[in-house]
Amino acid sequence: MKRIIFTLCWIICYLGVSGAGKKADFIVAADGSGDFKTVQQAIDAVPDFRKNTTVIFIKNGVYKEKLVLPGSKTKVRFVGESVEKTILTYDDYNAKKNIFGEDIGTSGSSSFFIYGDEFFAENITFQNSSGPVGQAVAVWVAGDKVQFRNCRFLGFQDTLYTYGYKSRQYYKDCYIEGTVDFIFGSSTALFENCDIFCKTGGYITAASTHDSTRYGYVFKDCRIKGSASAGSFYLGRPWRPYAKTVFINCEMSEVIKPAGWNNWGKESNERTAYYAEYKNTGKGFKPGQRVAWSHQLTDDEVKEYEIGKIFDGWLPEK
């Protein structure tokens with residue numbers, strides 16, 4: 001009932017007038033009842049480097065498109081009619097061949113490439129529908145100041161690629177699922193009140209944080225659960241030596257391994273990666289059994305993980 005009310009409120013806001021007095025600029029509908037039948041057509045219609053926000057309302061439907069939001073398309077906002085029924089999907093994967101017979105690669109497998117800054121999405125499902133075939137990205141994000149609210153990210157290995165160096169990304173009230181390294185990359189990303197669903201044994205995160213970047217991944221008030229067997233998932237492993245990942249006030253189910261963290265087969269990573277937790281709960285939170293090179297934050301240390309500090313002064317829209 002709460003989700004239905006939430007969806008109705010957004011339909012009223014964006015087909016009528018939002019709290020900021022902003023109507024939908026474009027409507028996408030697969031049945032032809034909107035301005036465009038495809039999402040890419042709506043993206044292409046956005047003026048380059050527009051200074052005002054462009055709102056694209058996407059009606060319920062399954063839109064099988066390989067999408068690109070170019071760097072010149074800034075301040076674009078996607079609003080779905082409902083998160084369960086507004087689905088943007090494609091089925092590329094790492095080993096799939098391009099027209100030259102070459103592997104398209106992990107990055108090339110993404111269903112949606114986001115280069116434009118200040119992109120905002122809500123009430124939308126983003127999916128890579130190729131199945132358990134290795135690396136297959138649903139969303140690849142390079143833009144800065146990117147926000148997702150009440151969105152779902154569906155896939156298996158490498159579902160969400162937070163690609164951009166110095167990119168800041170905010171995920172609020174989202175659902176993210178996968179198997180191996182299903183949240184990975186070099187960006188600074190805050191996940192708040194999200195559901196992280198572990199489908200089979202693997203690793204939740206594989207951060208590749210740069211040594212000069214203070215914050216990597218921060219999870220606050222999230223729920224870590226899944227269909228995987230007990231003790232089959234690590235919280236993370238370092239894709240690059242200076243990976244940084246912190247879980248704060250999160251509820252962890254029994255799917256999490258007692259050790260918590262993995263060094264990706266390199267003892268040297270234990271001296272450079274930074275993995276920490278603070279007052280997590282649940283059967284998967286066993287601080288006394290965590291690897292010795294991880295950290296439990298103090299009350300003073302956790303103060304450094306306020307949103308303004310994480311994002312270097314940027315405060316996402318409330």
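Each remark here, short or long, concerns the structure printed above.
Residues numbered from 1 in each chain as written. Predicted model: local features only at pLDDT ≥ 70, side-chain atom pairs only at ≥ 80, totals over all residues. Heavy atoms only, no water.

A.B. asks: I'd love a proper account of the nonpolar core, names of residues and values included.
C.D. replies: Formed by 60 residues in total, the largest nonpolar core has its most connected members in Phe-78, Phe-148 and Phe-191. Per-element tally for this core: the top contributor is strand β17 (residues 195-207), with four residues. Sequence-distant contacts of Phe-78, that is, excluding residues within four places in its chain, are made with Val-39, Ile-43, Ile-56, Ile-58, Leu-88, Phe-112, Phe-119, Phe-120, Ala-121, Glu-122 and Ile-124. Formed by 14 residues, the second largest nonpolar core is a distinct cluster that contains Leu-190, Ile-248, Tyr-278 and Phe-311. (Core = buried A, V, L, I, M, F, W, Y, C linked by side-chain atoms within 4.5 Å. Buried < 20%, exposed > 50% of the residue type's maximum accessible area, 1.4 Å probe, protein only. Helix = DSSP H or I, 4+ residues; strand = E, 2+ residues; numbered from the N terminus. Contact = heavy atoms within 4.5 Å.)

A.B. asks: So what's going on with the sheet that holds strand β11 (residues 146-149)? Residues and values would help.
C.D. replies: Across the sheet, 11 strands lie side by side as β1-β2-β5-β8-β11-β14-β16-β18-β21-β23-β24; this open sheet has parallel pairing. Only two strands of the sheet have a single neighbouring strand rather than two, namely β1 (26-28) and β24 (295-296). Of the strand pairs in this sheet, strand β5 (residues 76-80) and strand β8 (residues 120-122) are connected by three bridges, and their pairing is parallel. In the sheet register, Arg-77 faces β8, and the bridge partner there is Phe-120. (Pairing = 2+ DSSP bridges.)

A.B. asks: Give me the side chain of Ser-111: which residues, what numbers.
C.D. replies: Take Ser-111: it is sitting in the loop between α3 (105-108) and β7 (112-114). Ser-111 sits in the buried class, given a relative accessible area of 2%. Non-local contacts of Ser-111, meaning those with residues more than four positions away in its chain, are made with Glu-65, Lys-66, Leu-67, Thr-89, Tyr-90, Gln-127, Asn-128, Val-137 and Ala-138.

A.B. asks: So, the environment of Asn-52: which residues are in play, and what are the values?
C.D. replies: Inspection of the secondary structure assignment puts Asn-52 in the loop between α2 (39-45) and β2 (54-58). For the pair formed by Asn-52 and Thr-74, sequence separation is 22 residues and the distance between their alpha carbons is 8.7 Å.

A.B. asks: Tell me about the packing of aromatic side chains, and please be specific about residues and values.
C.D. replies: Any aromatic ring pair is given by two values, namely how distant the centres are and how the planes are angled relative to each other. Following the criterion strictly, the structure yields 32 aromatic pairs and no others. Seen from their ring centres, Phe-112 and Phe-119 are 5.7 Å apart, and the 80 degrees between their planes marks the pair as edge-to-face. We classify Phe-112 as buried; its relative accessible area is 2%. Ring geometry for Tyr-161 and Phe-184: centres 4.1 Å apart, planes at 20 degrees, overall stacked. You can see Tyr-161 sitting in strand β13 (residues 160-162) and its partner Phe-184 sitting in strand β15 (residues 175-185), a full 23 residues away along the chain. The pair formed by Tyr-161 and Phe-184 is uniform in burial state, with each residue classed as buried. The ring of Tyr-90 is capped by Lys-64, whose NZ or CZ atom sits 5.9 Å from the centre of that ring. Residue placement shows Lys-199 over the ring face of Phe-156; its charged tip is 3.5 Å from the ring centre. (Phe/Tyr/Trp six-rings, centres within 6.5 Å; stacked < 30°, edge-to-face > 60°. Lys NZ or Arg CZ within 6 Å of the ring centre and 35° of its normal.)

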